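Observations on the model geometry
Each chain, letter by letter, is given below.
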Amino acid sequence: MKRTLEEVTFLLSQSLALFCFLNLRLVIGQQQTFRVRPNDTEVLKGQTAILHCQIDNKQGQLQWVKNGFGLGFDRAIKGESRYTVIGNEALGENNLRVINTQLDDDAEFQCQVSPAIGDPHSALQAAAYLSILVPPQSPRIEFRGSSNTSLVEVAVSQSEINVTCIIPHGKPAAHIKWLRGGQQLTEESIQNFVDKTSDKLETARSILTIRPRKEFNQKIYTCQGTHSAIDSPITTSMKLSVKYAPETPDISGYKSGKAIKTGERLTLTCRSKGGNPTAYVEWFKNGDRVDSSHTRRETETVNVYSFRVDSSDNNAIYRCDAWNDVSEKRLTAAIKLTVHFGPMSVQILGPSHAKAGETIVLHCRTSNSNPRATISWTKDGKPLTDVIASPTYEADTRLGGWITLSNITVRLVGNDSETTYECKGENGKQRPTASKTLSVLYAPEKPVITGYATGTQIHTNTILTMRCTAHGGNPLAEVTWWKGSRQLTERDGIKCQTNTQIAKKYSQCQLERITKQGDNAVDFVCKANNTATPVPLQTVVTLSIQFPPKNVQIKSSPVVGKAGQKMTLTCTSASSNPAAEITWTRDDKPLTGRETRTVIGENSGLKTVSILDIYPSAADDKATYYCTAKNTAMNQAETIGHVISVKYKPVFVKVDSRKSVLEGDSVVINMTGQGNPKVSKYEWFRNGAKLVLGGPKRNKVVYFTAVGGVLNVTNVTRNDRGIYTVQAKNAEGASNTTFVIDVQYAATITHISPNQLVNPGGRAIFECRTDANPMVNNVIQWSTSIVGFNMNNAKKVKITNNNQGTSTLTVYIANRSTDMGYFTCKTQNKIGGPSTKRTALLVKFKPEADKNQLTKAASAERVTAKLSCLATGAPKVQFTWLKGKTAVNVTLSKYTTEVKELDLAKYESILHIHNVSKSDYDTYTCKMSNSEGQMPSVIDFDGQSKPDSPSNVKLVNFTHNAVTLSWQKGFDGGLPVTYNVRYTVVGDNSYTIVGSIKKSVFTFTGLSPGVNYELTVMAKNKQGESGYNSKPVFVTTKDGPPPFVDEVKGGDEAPLIIILSVCIVGLILLACNALLIVFFVRRRRRKLEKGDGSETLSRTNTLEMYPSSDRPLYPGGHKDTESCSTYDKSMDDYTDSYRSFDHISDKKCIVSQEKKTDPYQPTANTDPYASRGPIYGTPATVDAQRSFPVQSYYDSSGYKANSLPRSRFEGDASNPDDNYADQLRKNTLQKSLTGLNERGNERSRPNSPSRSTARTPPPPPTRYVSRDMDQKPIPPLPARNYESQEMPRYTPQPGTEYRPSRTDYNPNLHTNYSKPQTNNIPSEMRGHLV
């Protein structure tokens, strides 16, 4: 085989050499050459580039090389999807196409051809550079770190500046040039640079150096960039602002030396040219700025100052300043004004009065004027020349111009009593004058006071008017009023006047004031004087003012008294005129002082002093004693109260000797004592022993704490009751007081007799003990769940109550059939809900097999089989298993047994046979025995087989188009069983069959009304069929569907006024009804809060909204698991919004609290109505939902032993009739309560649910035909009461099958209960809702 492979290889190599030789001969003599060489190519980034390469006589392999890296010989270049070799290869076209060019494509590309075979020198190679062009970004100008500069400001004083233009990220770099005013710059210094980046891009940078000059101001500089990738240049510009100083300002509007007159308007204009920015221009007058407003124009600034000339402008220097930001100093121009004006006024200086024979000098002075003014004098209108001195002149340096002065000398004679001198100043048209009258002086008469005479008594706060008059005198006298040494002014009520008539010359001053206490015994002086009186003339009056005391003071000695010891109170009134009278009072009762006297007081009044002695008690501490001082002449008084402080040992006021509190609550007891000083220490005792405060904790809280005299007991228990004593101490002593804490708690059962096992005809005695406070009458009640048992039969039953919490129940002549069952002890007082426990009466009887016991069992091999034996008996039944006639050895691993107690005296024994084989198939006997006897039960155990036929086939219900059947399961053959049901019209041999039914109840739908049908059932499993039951069920459907109320049609429409009237009356009645309900509810609640034990509401009022107990909603009585008794607390739920609506009923049904064997126990998680009603679940979950605290201990059944009422079904949980009727009653009450709440009349309580959060109670429970029915729920009944004959009937839609959901609650449906079901439908259900 190896030799053959070598031979094949040799032949192939020879053939390949021959083929190459022949091809070489074909091309020999033809050299491969370039027809078109690749050329350097430029292309914009992102566009397509083509590098041409065409070969003639191509003999070698061709590839393109990029920067020395071969791209491969395939025309579709691998790894470079943008690279492709294009063209007609047969024609030698091998052009390289590059699409979507990128910067990475900027490289040298070579077109290479390998040499021809046999000619190693024939290789071809040609290179070209592919340049990728990238347009640059927009240019920007930078100056001193600022980017995108559009304005550059520079001072002309700067030597030079650098401005940079940047055009970034181009390839190649852009070319930059500068323009000024559109002309390209050449003379300035320009430096160009190119900065390269790592991504092959280049940034062009150009620096322009500018030497600032004035003519460059506001010039536009443009940076222009050109690039091969763009068609037109890109530009950016900036404006150059060159700052320089303005020129010297120029003033126009006035010529130096020109005289102007006052009052004329002068306008001065200052103009400053040039400058960038233009100048600031201001006007100054004599160095003070007078105007800063100016107008800036493009090349100059102008400030126009216009004003009206006055005398101050004479010789004034007006200066104009101009400058800008770059000026080294202010540039100025100034002018000096010349103003002509006359004097505005003249003034005569000198005395106006003198005595006869005296010589005086009068001075006349003009105001400033330009030029100087002249002065002339007259006497009583006649010119004077001989007494005039030569005028003098003064320069007015402040206002400008000259002041002229002239003096005259005058000697007074007796007949010159009134002489007038006049001075006149003159300058052009200005001629002001001034005059002065001289008179001879003499003294006035003594002043006279009118309006009050010394010694007159007047009250304080009275208006007093006095006038002082001084007649004659030249000049008239100056009249003044004085109070003591103080001169009175206008602020003191002074008003003065003069009369200059020759015959009645006088001066008068009036003093009007409100008299004050300080005016008493004070001298009021009137003085009159003029220049002729060396000493003022005066008249004096002394006032007599009556005034009451302003205040009263009380002092105590000692300051703090002691109970039973003397205290002295001294009352002193303030000064009064006349002296005040003092009286003492306490609590409006007059007291008599020990001593009264007077002393000199302020303002020449008298003080009154009164002394009162008292012996205070504890009740006088903080008592107020009043002292009243009264001025009887004025009928005015002052009263002051004095609170005395009395030290005494503690006392207790208004002590409540008994405190009642509910167990579990907290109580605060205020036994604070009063004392002076305050109580310093409290000690607490219970039943004579000192109470330990802050001791043991209860629920993590210290339950005895005290703050001062306040005792706080938290979570009170019945052990806290007793007699308490509190002792209060202070520095004065100690005091005690006692009180009782009465702890009230709900009744609880402390003991109940265990189950009693008696012989037939024997006697059973049960004892029940309770602990309660208060211990009410009949605190214990007995009931039973035994149907037909009469608790009131004196021959049968005896109940003994000792009213001390113990009750004995005696049952005589015990009988199994009538007396065996559960008895319940119920205890309840006014505190909390009832507490119940149950016990049982067992009558001895020998074991009996249960009626549901199956006699056959089946199983496959190699599995575990289960044989069940049901028995009843008392005492407890013992079980023994036999196989054939041999006892089963349960100690072997083959067998295991278990025994369950299903109910009272009912037991089940289960034999488990493991790993079943054929040898295990046999007859097994279950022996049931106790002390009364024994009984066998035989079970045939065999292999799997077909099932037995169903038995007890019954009609459950029927309508016009549907029929419901139920049946009892038979032996299933050891396999799962399904059922076939069929029906036919009587007389017809054709059947309609429905198969694969898993439940033992079925509803035929789609039937015809009024037709007689025959119905049968059979069972089947994998082993075969049982055959249909031998006794068919015959039923005739109803003639038609139930009638419905048609819509009312026809009739005239009622007038609108009638409709409105009816609506209004209805609303009024509704409001009245709501008010009445609120009234009764509140009255009821007040009575409950007060602890009134009487029940004012009868049971009849409550039961009016429910069906009577003698006519239930459904036929049939209570089951044997329940006993009901009337309950007079049926109105509780009206008055306590905390309680669940589940507990409202006309009866209270007490359910045994032992745990049932029924595997379905509704809890907070499985209750289907937990999300619909107000509060559901076990009592533990109910308590968690309530907002008030309750105790958290429960009995063995999971229900609270001493707490709230039961929160779910209080009747038999297996009786749907009782539950359904009970739910209807709850819904009816809930409707009324909900309506009341929506009208806002429900009394709110702390933590009670609000209207927005409260949940309405659930609808009535959905009912089913039987326990194992797998059908959809039937709609609930409307919330109303029904008679038994008027119950509405519902049927499913034809062709549908009911399948209940998990949330549809059926108390009879036990989905996880595996024991055999008989499904006997009670006869009382016939005709009920399906």
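Residues numbered from 1 in each chain as written. Predicted model: local features only at pLDDT ≥ 70, side-chain atom pairs only at ≥ 80, totals over all residues. Heavy atoms only, no water.

Description of the environment of T235
- If you trace the backbone, T235 turns up in strand β19 (residues 234-243).
- When the C-alpha positions of T235 and G225 are compared, they lie 6.2 Å apart, and in sequence the two are 10 residues distant.
- When neighbours within four sequence positions are excluded, T235 is seen to be in contact with P139, T222, C223 and Q224. (Helix = DSSP H or I, 4+ residues; strand = E, 2+ residues; numbered from the N terminus. Contact = heavy atoms within 4.5 Å.)

Some thoughts on the environment of S131
- Here S131 is to be found in strand β10 (residues 124-133).
- With relative accessibility at 18%, the residue S131 sits in the buried group.
- Taking the C-alpha atoms as reference points, S131 and D40, 91 residues apart in sequence, are found 7.6 Å from one another.
- Sequence-distant contacts of S131, defined by excluding residues within four places in its chain, comprise T41, E42, V43 and D106. (Buried < 20%, exposed > 50% of the residue type's maximum accessible area, 1.4 Å probe, protein only.)

Some points on the sheet that holds strand β30 (residues 346-349)
- Pairing within the open sheet is antiparallel, and its 4 strands lie in the order β30-β32-β36-β35. A single partner strand is all that each edge strand has here, and the edge strands are β30 and β35 (392-395). Taken pair by pair, the neighbouring strands of this sheet meet at an average axis angle of 25°, ignoring direction.
- Sheet analysis places β30 next to strand β32 (residues 359-366), joined by 4 bridges and oriented antiparallel. By the bridge assignment, L349 is partnered in β32 with H363. (Pairing = 2+ DSSP bridges. Axes fitted to C-alpha atoms, helices over the stretch in contact; angles between N-to-C directions.)

Here's the deal with the confidence of the model for the chain
- On average, residues of the chain carry a pLDDT of 79, and 77% of them reach 70 or more.
- Ignoring residues within four places in sequence, the model shows residues 17-29, a span with pLDDT below 50, making 2 contacts including any to other chains.
- Contacts of residues 1044-1053 to residues separated by more than four positions or lying in other chains number 0 contacts, the stretch itself having pLDDT below 50. (pLDDT = per-residue confidence, 0-100.)

Comments concerning the packing of aromatic side chains
- The tally for this structure, following the rule as stated, stands at 16 aromatic pairs.
- Aromatic side chains Y924 and F941 sit 6.0 Å apart centroid to centroid with 70° between the ring planes, which places their arrangement in the edge-to-face category. Of the two residues, Y924 sits in strand β84 (residues 922-930) while F941 sits in strand β85 (residues 933-942), which places them 17 residues apart along the sequence. As far as the burial class goes, Y924 and F941 line up, both buried. (Phe/Tyr/Trp six-rings, centres within 6.5 Å; stacked < 30°, edge-to-face > 60°.)

Details of the state of the cysteines
- A full pass over the atoms with the stated rule returns 9 disulfides.
- One disulfide bridge connects C468 with C526, the sulfur atoms lying 1.4 Å from each other. Taking the torsion about the sulfur-sulfur bond, which here is approximately -80°, the covalent link between C468 and C526 counts as left-handed. Here C468, found in strand β41 (residues 463-471), pairs with C526, found in strand β46 (residues 523-529); they are 58 residues apart in sequence, far enough to count as distant. Pair check on accessibility: C468 and C526 agree, each one buried.
- There is a disulfide in this structure between C768 and C825, and the S-S distance comes to 2.0 Å. (Disulfide = S-S within 2.5 Å.)

Concerning the environment of L591
- Within the element layout of this structure, L591 appears in strand β53 (residues 589-591).
- L591 gets classed as partly exposed once you look at its relative accessible area, which sits at 32%.
- In this structure the C-alpha to C-alpha distance between L591 and I614, which are 23 residues apart in sequence, comes to 9.9 Å.
- In this view, L591 contacts W584, T585, R586, L612 and Y625; residues no more than four positions away in its chain are not counted.

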